[in-house]
Structures are given as structure tokens and as C-alpha cells.
Protein chains: 2
Amino acid sequence: MRKITLSETATLLSENDNFHILTHRYPDGDTLGSAFALCFALRTLGKNANVKISGKLPSKFSYLTENYCEQEFDCDYVVSVDVAAPSLLGELQEHYGDKIDLCIDHHGSNSMVADNICVDASCAAASEIIYVLIKAMNVEITRDIANAIYTGISTDTGCFCYTNTTAQSHHIAAELIDLGCDFSMINRINFETKTRAKLKMERMVYDTMEFYCGGKCAIIYTTLAMQKALGAGDDEMEGLASIPRQIEGVKMGITMREKEDGTFKVSVRTNDGINASEFCARFGGGGHVAASGCSIKGDLATAKYMLIKAAEEVL
Amino acid sequence: MRKITLSETATLLSENDNFHILTHRYPDGDTLGSAFALCFALRTLGKNANVKISGKLPSKFSYLTENYCEQEFDCDYVVSVDVAAPSLLGELQEHYGDKIDLCIDHHGSNSMVADNICVDASCAAASEIIYVLIKAMNVEITRDIANAIYTGISTDTGCFCYTNTTAQSHHIAAELIDLGCDFSMINRINFETKTRAKLKMERMVYDTMEFYCGGKCAIIYTTLAMQKALGAGDDEMEGLASIPRQIEGVKMGITMREKEDGTFKVSVRTNDGINASEFCARFGGGGHVAASGCSIKGDLATAKYMLIKAAEEVL
């Protein structure tokens, strides 16, 4: 394991030829955007590259794969993008867990096991790092690459809204727009479209909202039964995590989502410098200062009790 | 009345000394951001300048006036910013309606009466034009100016999400961030904060949602009684207009808001090139292709019927 710079990373990518690029589980816009942008760029250089998605591609991101087909080749170089910890590889962990040659990430808390680790926590999105690497490799940014990078940056910054947004995020977005990236379509899909099922899910979730710590902590949850009642799939569940933090006075917004495996997937969003990553580390998770996650095994009441107790200690 | 270029506009601003800068009624982030940015810039040049707000400054924008005090002087030059039509001057129309020396705006439908009219419809926000003018006048962009311009651009683009966003919008945002603009605070106030009253208002509004034209038109409304029941002020009412267009399949989202004067303020948001401005022109209003407004006199049922009939003709 060695930490390497961006330019060393670009060199490693240039020197190898047959890539598998891994996303994290519950793949989001940044891990997918990073993976497909890098994949398209490597193919432009005449290399073989496939994206290995942990889990299923959410249907709303299908535009990323319009010009993508799996290639046939023997992989000899494995790259993970936007994967902060080995467990986040999900279903890919068993096969690839001990074979990762290069980890590219923007999470300060990165704890991946890989031969080479390139982490730049100053980037709002892993896709920003991919942009820099693609530039360093002198690959022309095609429309597909532009769409993928824009997807990563825009989704990880909440469309340039969150505090992690930087001048660099905007500079890259400006260039991608000039290069013909279809930001209108991408924004509409990611930020401006709700299915009626999602609308119903939001309303149901509002009904679960409870406040603790004198209004500084808000908790919402979804159960499998709620999802089933509304016919809501993964697409309808996305974005719910941003709801509780938005309420005036809330410093920590917690979203609990019951999963099929008997755990709750917990998303924590914070304001005013409250450290969500440290909070989630108590439960074996991690992420960013203002946005982190973890999983808790147990029934709703127990998991909620554990989270509230921990929140009371922090707030 | 003559149409003038940006550089002619910068010259006019440089040649005059005692300004009143007018906003439109129901002042939003762009008209306020434009007005205060221009005001601060003119003051930097040693000129006298006051902002004349049509209506009340929404409390959430109070950060714009932290370093602003009214000056005492005799006004001899009147500038309107982001005001698309005379009627939109609201309470300022009577005093200033026939005295406007310079109109600065980004609405293609601009129908203002003024000696000089500078309209650049390629700009996502009037604040982008103000940015260009400030640069042309060689005024250093202070933190207050940066915050004001960022407020205008970010609010008029839905935080760089709407289709009106351009590479220029991002380039300016990047520079403003480099200049120390407090985008985190501004975004949190404008895009990430909901009062509990607003949350309740949204839930109540969801209950009013009806679909027409085979799901292509969605209508929501608020009444004075609903506002009163929730103790919701103007702050709670903002942003509701974006709700109906977000629903999957909706091409025209209409939001009706009952006002004290017996009219409904109507906001129309469209997708897929449906012309909201033309639609609103039927009712004496106007605006942008994808976002326009008008007022309709009458009770809820009648006003809604008129809107649905018109929507059926368009969709």
C-alpha cells in the first residue's frame, strides 16, 4: 500500500491496459460518473476497460450507459473509484477485495486496501479527480465523458449547493457545459423529477419525523412495509436523507432505511460543523464531515434508540 | 426609449452620481442581489445610491443589507433591475413609473418604459449582467458585492440546476467563491432551510395537487385560510412553484396563490419547451420560456377553470 499523487496515478493508468473499474454498493452518481468517465477515457486510449457496478445500476442513471457495452478481455488491473472502505464494495468485495491495484477516492476517511491509493479530499467529488486525471492523460473529453463527470460532481454537491462545492467544481462544470454536456437532462433527472410514488413516499416519511435534543436532531425512517405499500423501489428512496437536516434548527438529520437483510441503512447529514463521519464511526461507518452513513442491525425501535443516545452525547 | 449595449450602460452608470435602484414587487434573490450589488459598486465609486425595494425585504435575505444604510441625497438617476414590465414595479410604479432612466434586465419579454434599456436575455440572471457591468466599471468585487451577485445567480438558476444555467453562470460563481463569497451560508438559507411551518405548508399543498391533460398538467394552490391556519408568511410560500413541474410526466406545473387583494398569483413552470411566457401572456403576465407568472382575479374555482382550459389548448 502506498499513497500516490495525481500524476503518479495518471502514469499508472497510462502504463496498464486491461481494466476493471469498481463502484461502491448502492451506487450513486459520483461512483458511477467516475467509473464510466474513466472507462470511456481509457477506451479512447485504446485500452480495454469495463465497469463493475456493485449492485444494480439505478434506472435513472441509464443515460450513462447509452454508449457502453461490456468488452471481452482478461482483466489485469483493478481500480476502485469513490469507494471509501472495503466493506462498501458490497458484492464485489469477495472477488476483488484483495486484488485492487489502484484506489481513487475523495473521502478523507478512506480506509481501502489497495496497492496504490490516490485520495484527494479537497475534491467535492471523485469525478473531479477523474477529470484531472483525464486531462493529465491528454484524453479529449467527449460528450459521454462530460456527462459522466458532470453527473458525479452535480450529484455529490447537491447541484453545487452543499458546502463541499469549490471554485474548481464550478470551473469544471463550466468547461463541461462548453463541451456539450447535457446538464439540463442530467439535472432534470437527478434534481427535478419525482415519480408519484416518490411524492407519496416523501409524504409518508414526513409523518415519521421526530425531533430530539431540543430540536437539534431530526429522525425519519422508512420500513420495507412502507416501501411495499407504495410500490417504491430504490429510485423512490433516494434523496430522502436530505430532508431532516433542512428543518430550521436541526444540526443533525438522521434517515433510517430498513433493508432486506435485517439492518437499517443510516444516513447522517449535519450542519454547523457537527462531525457526521465521527458519529457514524461509532457504528462502523464513515464518510464526510457533513454527510456520512452506517448500518445498524436490529429492529426499528432499538436502532433508533441507539442513534438518539449517540446524538444526545454529541449535540 | 433606446436599446443600449452593456458598455453603453457602464458608461451611463459612470457618468451619473445620485441613484435610486428599483426592484420588482415580491422581490426575489435576483432583483435584490442585482440591486444591492449595483448599489455597493456605485458607492465604491464615490456615488450616492439607495435601493428602493418594491414591497418588503424577505427576512431570509437580510444578510444582503448587513452593511447597507440608506443615504441622504437628491436622486437624479433611476435604474430598475430585473423588472420585466411596468406593472411589476408594484408600489414603486406610481412614483417612479415615468421617471426610469435606465432599465437593466435579462427577460427576453421585457416591456419596460425607460429612457435606456439594456436587456441581455442570454444571461441566466440579471445579476450576471450586473457582474459584467461592475467589471466594466473596474470596481473591485467586495465580499458584499460577491454575496449579492451569487444570491442572484444561484436563486434564478435554482442553484445551477435549471436549463437557463450557462457556462458563464459557473465561471462567475467560481470567481465569486475565490473572492470569498459565503456561498455555503447563502445556499443553506435559500435551498437547504425549511421552517416547520413551511414543511407543514408543503404537506398541505401536496394535498391540493390535481392532474389534468392526461397527467401533463399539475395544479396546486394555497389559500389565505391555509396560510392563516399554519401561520405561514411569505417565506413559507416561496419555492412552492417548483413542486408540480417536478412530478414525472408533468409538462406544465401551475401554482396558484391567493392574495389579500382578491387575486390569485399564478406561477407557471414548464418542461420540454412548452412556452410558459406565452401561456401567461394570455392572462396579462409574462416571464421566461420555462418560468413565468400572471395574476388572475376571481375565486379559486373560476381561476382554476380558466387555467385548466388554457392548459388544455396548449398541451
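Scroll up to find the structure.
Residues numbered from 1 in each chain as written. Chains lettered and ligands numbered in written order. Predicted model: local features only at pLDDT ≥ 70, side-chain atom pairs only at ≥ 80, totals over all residues. Heavy atoms only, no water.

Draft legend 1. Region of interest: the overall build of chain A. The number of helices and strands found in chain A is 12 helices and 12 strands. Taking 20 Å as the expected radius of gyration for a compact globule of 315 residues, we find that chain A reaches 19 Å, a close match to that expectation. Seen along its three principal axes, the alpha-carbon backbone of chain A occupies a region of about 55 × 40 × 35 Å. In chain A, buried positions account for 57% of the 315 residues. A separation of at least 24 residues holds for 65% of the contacts in chain A among residues at least 6 apart in sequence. (Helix = DSSP H or I, 4+ residues; strand = E, 2+ residues; numbered from the N terminus. Rg over C-alpha atoms; globule rule 2.2 N^0.38 Å. Buried < 20%, exposed > 50% of the residue type's maximum accessible area, 1.4 Å probe, protein only. Contact = heavy atoms within 4.5 Å.)

Draft legend 2. A look at the packing of helix α5 (residues 143-156) of chain B against helix α6 (residues 167-178) of chain B. Residue and element names in this part refer to chain B. In contact at an axis separation of 10 Å, α5 and α6 are set at 150° when each is read in the N-to-C sense. By the angle between their directions, the pair α5 and α6 is classed as roughly antiparallel. The handedness of the crossing between α5 and α6 comes out as left-handed. From α5, Ala146, Ile149, Tyr150 and Ile153 reach across to α6, where they touch Ser169, Ile172, Ala173 and Leu176. (Axes fitted to C-alpha atoms, helices over the stretch in contact; angles between N-to-C directions. Parallel < 35°, antiparallel > 145°, perpendicular 65-115°, else oblique. Left-handed = near helix turned anticlockwise from the far one by under 90°.)

Draft legend 3. Main features of the state of the cysteines. With the rule as written, the count across this model stands at 0 disulfides over all chains. Here Cys294 of chain A is not disulfide-linked; the sulfur of Cys280 of chain A is the nearest cysteine sulfur, at 4.2 Å. Note on Cys39 of chain B: no disulfide assigned, nearest cysteine sulfur contributed by Cys69 of chain B at a separation of 11 Å. Taking relative accessible area as the criterion, Cys39 of chain B reaches 0% and is therefore assigned buried. (Disulfide = S-S within 2.5 Å.)

Draft legend 4. Representation of the pattern of salt bridges. For the structure on display, the rule yields 24 salt bridges over all chains. Note that Asp272 of chain A and Arg188 of chain B form a salt bridge whose closest N and O atoms lie 2.8 Å from each other. Here Asp272 of chain A, found in the loop between β10 (263-270) and α11 (276-281), pairs with Arg188 of chain B, found in helix α7 (residues 183-191), and the two come from separate chains. Residue Arg188 of chain B is classed as partly exposed on the basis of its relative accessible area of 30%. Residues participating in the shared-partner salt-bridge network are Arg188 of chain A together with Lys251 and Asp272 of chain B. (Salt bridge = Lys/Arg side-chain N within 4 Å of Asp/Glu carboxyl O.)

Draft legend 5. Structural context of the relation of the copies chain B and chain A. Superposing chain B onto chain A requires a rotation of 180° together with a translation of 0.0 Å along the rotation axis, leaving an RMSD of 0.0 Å. Here the two chains are linked by the operation of a two-fold rotation axis. Measuring from the rotation axis to each C-alpha of chain B, the shortest distance belongs to His170 of chain B, at 2.5 Å. In this assembly the copies share their binding face: 100% of the residues contributing to the interface of chain B also contribute to that of chain A. (Least-squares fit on C-alpha atoms with pLDDT ≥ 70 in both.)

Draft legend 6. Representation of the pairing of strand β2 (residues 18-22) of chain B in the model. Residues and elements named next belong to chain B. A large share of β2 lies buried, amounting to 5 of its 5 residues. Because side chains alternate across β2, one face comprises the buried residues Asn18, His20 and Leu22, and the other comprises Phe19 and Ile21, equally buried. Crossover handedness for the path β2 to helix α2 (residues 29-44) to strand β3 (residues 48-52): right-handed. Of the strand pairs in this sheet, β2 and strand β4 (residues 77-81) are connected by 4 bridges, and their pairing is parallel. In the sheet register, Leu22 faces β4, and the bridge partner there is Ser80. (Right-handed = clockwise from strand over helix to strand, strands pointing away. Pairing = 2+ DSSP bridges.)

Draft legend 7. Here's a closer look at the pairing of strand β6 (residues 116-119) of chain B. All names here are of chain B. Where strand β1 (residues 2-3) meets β6, 2 bridges bridge the pair, whose relative direction is parallel. Bridge pairing links Arg2 to Asn116 in β6. Bridge count between strand β5 (residues 102-105) and β6: 4 bridges; the pairing is parallel. Across the sheet, the residue bridging to Ile104 is Cys118, located in β6.

Draft legend 8. Main features of the interface of chain B and chain A. At the junction of the two partners, chain B supplies 39 residues and chain A supplies 39 residues. Across the chain B to chain A interface the summed buried area is about 3700 Å²; carbon plus sulfur atoms make up 54%. Linking chain B with chain A are 6 salt bridges, by the criterion used here. Put simply, Arg245 of chain B and Glu192 of chain A hold a salt bridge, and the shortest N to O gap is 3.4 Å. The tally of links from chain B across to chain A stands at 17 residue pairs in polar contact (both at pLDDT 80 or more). If you tally residues by element for the side of chain B that touches chain A, the top one is α6 of chain B, at 7 residues. Classifying every residue of the side of chain B that touches chain A by side-chain character gives 16 nonpolar, 12 polar and 11 charged. (Buried area = accessible area lost by both parts, 1.4 Å probe. Polar contact = N/O pair within 3.5 Å; in protein donor to acceptor, adjacent residues only side chain to side chain. Nonpolar A, V, L, I, M, F, W, Y, C, P; charged D, E, K, R; others polar.)

Draft legend 9. View of the sheet that holds strand β10 (residues 263-270) of chain B. Residue and element names in this part refer to chain B. Taken in spatial order, the 6 strands of this open sheet run β7-β8-β9-β10-β12-β11, and their pairing is mixed. The sheet is open, and its two borders are formed by β7 (210-212) and β11 (286-287), each paired with just one other strand. With 3 bridges joining them, β7 and strand β8 (residues 217-222) adopt antiparallel strand pairing. Note that in β8 the partner of Tyr212 across the bridge is Cys217.

Draft legend 10. Seen up close, unusual backbone geometry. Despite not being glycine, Phe160 of chain A has its phi angle at roughly 65°, a positive value. By the secondary structure assignment, Phe160 of chain A is in the loop between α5 (143-156) and α6 (167-178). With relative accessibility at 0%, the residue Phe160 of chain A sits in the buried group. Of note, the phi angle at Asp272 of chain B is positive, near 55°, even though the residue is not glycine.

Draft legend 11. Layout of the packing of aromatic side chains. On inspection of all chains with the given rule, the structure shows 17 aromatic pairs over all chains. Here Phe36 of chain A and Phe40 of chain A contribute two aromatic rings whose centre-to-centre distance is 6.3 Å and whose plane-to-plane angle is 35°, an arrangement assigned as tilted. Taken as a pair, Phe36 of chain A and Phe40 of chain A lie in helix α2 (residues 29-44) at a separation of 4 residues, close to a single helical turn. Of the two residues examined, Phe36 of chain A and Phe40 of chain A, each falls in the buried class. Here the aromatic cluster, defined as three or more aromatic residues joined through ring pairs, consists of Tyr150, Phe160 and Phe183 of chain A together with Tyr150, Phe160 and Phe183 of chain B. If you follow Arg245 of chain B out to its NZ or CZ, it ends over the ring of Tyr162 of chain B, 5.8 Å from the centre. (Phe/Tyr/Trp six-rings, centres within 6.5 Å; stacked < 30°, edge-to-face > 60°. Lys NZ or Arg CZ within 6 Å of the ring centre and 35° of its normal.)

Draft legend 12. Structural view of the sheet that holds strand β9 (residues 252-258) of chain A. All names here are of chain A. Pairing is mixed in the open sheet, where 6 strands are placed in the order β7-β8-β9-β10-β12-β11. Of all the strands in the sheet, the pair left with one neighbour each is β7 (210-212) and β11 (286-287). Pairing analysis gives 7 bridges linking β9 to β10, with the strands arranged antiparallel. The residue of β10 that forms the bridge with Thr255 is Ser267.

Draft legend 13. Focus on the environment of Gly33 of chain B. All names here are of chain B. Relative to the helices and strands, Gly33 resides in helix α2. In this structure Gly33 comes out as buried when scored by relative accessible area, which is 0%. For the pair Gly33 and Val268, spaced 235 residues apart in sequence, the C-alpha separation works out to 23 Å. Sequence-distant contacts of Gly33, that is, excluding residues within four places in its chain, are made with Leu64, Ser127, Ala148 and Ile149.

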